[in-house]
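Residues per chain are reported as follows:
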Amino acid sequence: MTRLDYDIDNFSGTNGRGTRYDIVSDGEVIYHDVAEEEVDRLCEEMERKPYLYCDIKVVELN
């Protein structure tokens, strides 16, 4: 019988992904589980649309 060698704590592959974030506007999550590299770009895009998004916040996920 073959044994699968994997880290049960990292079964979904999330341990090596780095810090992840939610981007929230008016208390509603607009983008969920965003990579750190994309946060600035998405926030700038949202800020260019003040008629859609206001009170933009970035929340770090644990």
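For the structure, check the block above.
Residues numbered from 1 in each chain as written. Predicted model: local features only at pLDDT ≥ 70, side-chain atom pairs only at ≥ 80, totals over all residues. Heavy atoms only, no water.

What follows is about the side chain of Arg20. Here Arg20 shows up in strand E1 (residues 20–25). Accessibility expressed as a relative area gives 18% for Arg20, which makes it buried. Within the structure, the side chain of Arg20 is placed 2.8 Å from the backbone oxygen of Asp33, a separation counted as a polar contact. With residues near it in sequence (within four places) discarded, Arg20 still touches Asp33, Val34, Ala35, Val59, Glu60 and Leu61. (Helix = DSSP H or I, 4+ residues; strand = E, 2+ residues; numbered from the N terminus. Buried < 20%, exposed > 50% of the residue type's maximum accessible area, 1.4 Å probe, protein only. Polar contact = N/O pair within 3.5 Å; in protein donor to acceptor, adjacent residues only side chain to side chain. Contact = heavy atoms within 4.5 Å.)

Okay, helix H1 (residues 36–47) next. Spanning 12 residues, H1 covers 18 Å between terminal C-alpha atoms, matching the ideal 16 Å at 1.5 Å per step. Among all positions of H1, only Val39, Leu42, Cys43 and Met46 are buried. Taken down its axis, H1 places every buried residue within 105° of arc, on the same side. Relative to its buried face, H1 has exposed residues pointing more than 90 degrees away, namely Glu37 and Asp40. The secondary structure elements touched by the buried residues of H1 are E1, strand E2 (28–35) and strand E3 (56–60). (Expected span 1.5 Å × (residues − 1). Arc of directions from axis to C-beta.)

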